[in-house]
Amino acid sequence: MKTIIIVLIALYMSACSQKLVRVMPYEKEYFAQEKMSLSPIAEQSEQEGHVFLIREASAGGNSSFQGGCGCR
Amino acid sequence: MKKLISIVLVSVALFGAPRVGDKAVEFNLPSLYDQTRFVKSKSLHGRVILLNLWASWCSGCQEEMPLFVKLQKEYPKKKFEIVLSSIDNEMQGALDFLAEVDKEKILTSLYDGDKKLPKTYRCPGMPSSFLIDKDGKIVKVYVGSLDEQAMKELKEKIKVLLGS
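Description of the structure in this document. Owing to the predicted nature of the structure, the values given are computational and were not obtained by experimental measurement.

## Side note on the sheet that holds strand β4 (residues 80–86) of chain B
Residues and elements named next belong to chain B.
Thought 1: With respect to topology, five strands assemble into an open sheet ordered β5-β4-β3-β6-β7, the strand pairing being mixed. One side of each edge strand has no neighbouring strand; the edge strands of this open sheet are β5 (108–111) and β7 (138–143). Sheet twist, expressed as the average angle between the axes of neighbouring strands with direction ignored, equals 20°.
Thought 2: Two strands pair when backbone bridges link them, and strand β3 (residues 48–54) and strand β6 (residues 128–132) are joined in this way by five bridges, in the antiparallel orientation. Following the sheet pairing, Asn52 is matched in β6 by Ser129.
Thought 3: In this fold helix α2 (residues 59–73) packs onto β3, β4 and β6, with an angle of close to 155° to the strand it touches most, β4.
Thought 4: Contacts from helix α3 (residues 91–101) reach β3, β4 and β5 within the one sheet, and its direction differs from that of β3 by about 120°.

What follows is the structure, encoded as structure tokens:
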């Protein structure tokens, strides 16, 4: 019984510890900024896609969505 | 053992976020348009309130805002009032957005730069809206943006709360 109580108290206390830092939805202002997106400059990513197409002779391989094998 | 359980329960009740049926959190926040003018939640008692916690960087908040403007126009503020609380780090973003959407400044817009309200309510998502009755009790919590269908349901709830 004592062990359960100790474990419960430890769990309860750990909820207040600084280790469990969680970014709350209302704290995501900086994440919402355009510069935080994976491809912040649309024109640039389009250009990169074009270069990739010429270099690899395959379309769509510059992302994880398609394999770029040209088999589809 | 009973004591321990009651201590845990009391502390959870004390530190838990307000839920439906609980009293809404009291606030005293400055107006977004005039920093010298503060609005106390007590001054809003006696009317049905829709407290909306929003930010200009939140796309869901931007989507529902025109619907709020439309909704507020349907009711006199003495009976039903939409209270916006912006949690932007810099209020200019909120001002710029509202200048486009709420040109007539029909919505009561407050500024909560310290994010006291979302912290107290422990908002699980943005935007979050709280429908509060005339007695200051939370009737319904909306997490996420409200669409046309949700607005219809909200209107029904307002109707019931206003007793009309």
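Following the structure, the description resumes.
## Remarks on the pairing of β4 of chain B
Residues and elements named next belong to chain B.
Thought 1: By the criterion of burial, β4 is predominantly enclosed, with seven of the seven residues buried.
Thought 2: Note: β3 against β4, seven bridges, orientation parallel. Each residue of the ladder has a partner; that of Val48, found in β4, is Phe80.
Thought 3: Read as a crossover between parallel neighbours, the route from β3 over α2 to β4 is right-handed.
Thought 4: Direction of pairing for β4 relative to β5: parallel, over a ladder of four bridges. Bridged to Leu84 within β5 is Ser109.

## Points about a negative patch on the surface
Residues and elements named next belong to chain B.
Thought 1: Together, Asp147, Glu148, Glu153 and Glu156 make up a negatively charged patch on the protein surface.
Thought 2: Structurally, the position occupied by Asp147 is in the loop between β7 and α5 (148–162).
Thought 3: Its relative accessible area of 45% is what places Asp147 among the partly exposed residues.

## Quick look at the interface of chain A and chain B
Thought 1: Contacts between chain A and chain B engage ten residues on the former and 15 residues on the latter.
Thought 2: Between chain A and chain B, the buried area comes to about 1100 Å², and carbon and sulfur atoms account for 68% of it.

## A word on α5 of chain B
All names here are of chain B.
Thought 1: In this model α5 runs 21 Å from its N-terminal to its C-terminal C-alpha over 15 residues, within 8% of the 21 Å that 1.5 Å per residue would give.
Thought 2: Among the residues making up α5, those that are buried are Ala150, Met151, Leu154, Ile158 and Leu162. Burial along α5 is one-sided: seen end-on, the buried residues are contained in an arc of 105°. Exposed and facing more than 90 degrees away from the buried side of α5 are Lys152 and Val160.
Thought 3: The inward-facing, buried residues of α5 contact β3, α2, β4, β6 and β7.
Thought 4: Phi turns positive, to about 70°, at Gly163, one or two residues after α5.

The rules we used
Residues numbered from 1 in each chain as written. Chains lettered and ligands numbered in written order. Predicted model: local features only at pLDDT ≥ 70, side-chain atom pairs only at ≥ 80, totals over all residues. Heavy atoms only, no water. Pairing = 2+ DSSP bridges. Helix = DSSP H or I, 4+ residues; strand = E, 2+ residues; numbered from the N terminus. Axes fitted to C-alpha atoms, helices over the stretch in contact; angles between N-to-C directions. Contact = heavy atoms within 4.5 Å. Buried < 20%, exposed > 50% of the residue type's maximum accessible area, 1.4 Å probe, protein only. Right-handed = clockwise from strand over helix to strand, strands pointing away. Patch = residues over 30% accessible without salt bridge, like charges linked within 9 Å, V, L, I, M, F, W, Y side chains within 5 Å. Areas by Shrake-Rupley, 256 points an atom, 1.4 Å probe, with all protein chains shown as cover. Salt bridge = Lys/Arg side-chain N within 4 Å of Asp/Glu carboxyl O. Lys, Arg positive; Asp, Glu negative; His and termini not counted. Charge placed at Lys NZ, Arg CZ, Asp CG, Glu CD. Buried area = accessible area lost by both parts, 1.4 Å probe. Expected span 1.5 Å × (residues − 1). Arc of directions from axis to C-beta.

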